[in-house]
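# Structural features, examined
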Amino acid sequence: MQHTQATSAYNDVKFTSSKDNDTTANGFSHHTGSTRLELKRIIKPKLLDFEYALWQMRLLLTHGPKKIYRHCEYRKQTKNQWARDDPTFCVLSCIFVALCAIGYCFMYETRGMVRGLWVITSAVCFDYIGCGCAIATAYWFLANRFMTTRRGGSKNSDGSSISSNNNVEWLFAFDVHCNSFVPLFVALYLGQLILSPLLSQRGFICALLSNILYGLSLSYYHYCQFVGFNSLPFLERTEFLLYPVVGLVLLAIPLSAVQFNPTRWVLSWYFGAEALK
């Protein structure tokens, strides 16, 4: 898909935003209009650009996270915001999570349809949206509190001024989670589903393989978080966002040594111990 399609995807709905002097310190009020626009587009499927969202997901999987954030600078220049104003990416991710949860239910759910619906709802509302909001809020707070520089406005890659407001938008922090979740979903959700007959077995080898899968997937998720926040020109010390990777690496061996198997734990949490028999 050509970049002209990316441009048209952002121009299909007009966005109006208040100036920088209307922005509060916490960064929420400046984007109230954007949030309302996203909610409006969710209830009007004709306004959702699924083709562009799929292209972005493919870009994340084939070219890594850095390329996707080049579009953020374009949005900041044209709409004075770093975050998407199109919720299609999030909506499509929810659909994929629900479909994957259906696959898990087909393989492991033995307690009836109602329980299966609970599993699907929990996967979407808790795993993806709930945890995503919690992580986005934590990183949004840390970035605004400890990583922003107050030395004037931020700059484009060509040195031109973008804005005098150096606050991280909460919606951008959630966007970073959505972007980071795509490779995590493929590696951990789909990968674990395919490999679960092996990974759910008892023993040190299966526990080690499961911990490696979780460790690598979550480490790359945090790396994608780092890339997202590092793309903002007014942030510094973003390398601190890579610290969770160190913890994940250090935990893999001792957890495997005691034969803690995260795959077995997750399956038993959602489907009960009987699913592992």
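A few words on the environment of I102. Mapped onto the secondary structure, I102 falls in helix 5 (residues 88-108). Taking the relative accessible area as the measure of exposure, I102 reaches 43% and is therefore partly exposed. Distance in space between the C-alpha atoms of I102 and V119 is 8.5 Å, their sequence separation being 17 residues.

Here the focus is the pattern of salt bridges. Inspection of the entire model under this criterion finds 4 salt bridges. With a shortest N-O distance of 3.3 Å, D175 and R84 are connected by a salt bridge. Residue D175 is located in helix 7 (residues 170-199), and its partner R84 is located in the loop between helix 4 (70-79) and helix 5; the two are separated by 91 residues in the primary sequence. Given the relative accessible area of 10%, D175 is considered buried. Here the salt bridges do not stand alone but share partners, grouping E109, R111 and E274 into one network.

Take the environment of Q192 next. Checked against the element boundaries, Q192 lands in helix 7. Given the relative accessible area of 4%, Q192 is considered buried. Placed 22 residues apart in sequence, Q192 and Y214 show a C-alpha to C-alpha distance of 9.1 Å. Not counting chain neighbours up to four residues away, the residues in contact with Q192 comprise Y104, A187, L213, Y214 and T263. There is a polar contact of 2.6 Å between the side chain of Q192 and the side chain of Y214.

In this structure the tally under the stated criterion is 18 aromatic pairs. Ring centres of W118 and Y270 lie 6.2 Å apart, and the angle between their planes is 50 degrees; on these two criteria the pair is classed as tilted. Placement of the pair is W118 in helix 6 (residues 113-147) and Y270 in helix 10 (residues 262-271), with a sequence separation of 152 residues. According to the relative accessible area criterion, W118 is partly exposed, its value standing at 38%.

On to the side chain of T148. Mapped onto the secondary structure, T148 falls in the loop between helix 6 and strand 1 (154-155). For T148, a relative accessible area of 10% gives the class buried. Among the polar contacts listed, one links the side chain of T148 to the backbone oxygen of N144, at a separation of 3.3 Å. Excluding its chain neighbours within four sequence positions, the residues that come into contact with T148 are A143, N166, F234, L235 and E236.

V168, F172, F229, L235 and F271 are the most contacted members of the largest nonpolar core, which has 62 residues in total. Among the secondary structure elements, those contributing two or more residues to this core are helix 3 (50-63), helix 5, helix 6, helix 7, helix 8 (204-230) and helix 10. Per element, the largest residue contribution to this core is 15 residues, and it comes from helix 7. When neighbours within four sequence positions are excluded, F271 is seen to be in contact with Y104, C105, Y108, E109, R111 and V119.

What follows concerns a nonpolar patch on the surface. A cluster of nonpolar side chains, L198, F204, I205, L209, I212 and L216, forms an exposed patch at the surface whose accessible area comes to about 560 Å². Of all the elements, helix 8 adds the most residues to the nonpolar patch, at 5 residues. Along the chain, F204 falls in helix 8.

For the protein, the average pLDDT comes to 82, and 78% of its residues sit at 70 or higher. Averaged pLDDT values for the elements of the protein fall to 43 in helix 1 (residues 3-11) and rise to 96 in helix 7. The low-confidence segment residues 1-33, where pLDDT is below 50, has 59 contacts with residues more than four positions distant or belonging to other chains. The low-confidence segment residues 151-163 (pLDDT under 50) makes 27 contacts with residues lying over four places distant or belonging to another chain.

All right, on to the packing of helix 7 against helix 8 then. Between helix 7 and helix 8, the shortest axis-to-axis distance is 8 Å and the interhelical angle comes to 165 degrees. Here helix 7 lies roughly antiparallel to helix 8, going by the angle between them. Crossing of helix 7 against helix 8: the hand is right-handed. Of the residues in the contact of helix 7 with helix 8, the class split is 19 nonpolar, 7 polar and no charged.

Moving on, we get to helix 7. One full turn of an α-helix is made of 3.6 residues, so residues set three or four places apart face in the same direction. Counted at 1.5 Å a residue, the expected span for helix 7 with its 30 residues is 44 Å, but the 37 Å between its end C-alpha atoms falls short. Of all the bends in helix 7, the greatest, near 55 degrees, is centred on L193, and the proline P197 appears no more than four residues after it.

Cut-offs applied
Residues numbered from 1 in each chain as written. Predicted model: local features only at pLDDT ≥ 70, side-chain atom pairs only at ≥ 80, totals over all residues. Heavy atoms only, no water. Helix = DSSP H or I, 4+ residues; strand = E, 2+ residues; numbered from the N terminus. Buried < 20%, exposed > 50% of the residue type's maximum accessible area, 1.4 Å probe, protein only. Salt bridge = Lys/Arg side-chain N within 4 Å of Asp/Glu carboxyl O. Contact = heavy atoms within 4.5 Å. Polar contact = N/O pair within 3.5 Å; in protein donor to acceptor, adjacent residues only side chain to side chain. Phe/Tyr/Trp six-rings, centres within 6.5 Å; stacked < 30°, edge-to-face > 60°. Core = buried A, V, L, I, M, F, W, Y, C linked by side-chain atoms within 4.5 Å. Patch = residues over 30% accessible without salt bridge, like charges linked within 9 Å, V, L, I, M, F, W, Y side chains within 5 Å. Areas by Shrake-Rupley, 256 points an atom, 1.4 Å probe, with all protein chains shown as cover. pLDDT = per-residue confidence, 0-100. Axes fitted to C-alpha atoms, helices over the stretch in contact; angles between N-to-C directions. Parallel < 35°, antiparallel > 145°, perpendicular 65-115°, else oblique. Left-handed = near helix turned anticlockwise from the far one by under 90°. Nonpolar A, V, L, I, M, F, W, Y, C, P; charged D, E, K, R; others polar. Expected span 1.5 Å × (residues − 1). Bend = angle between axes of the 7 residues up to and from the residue.

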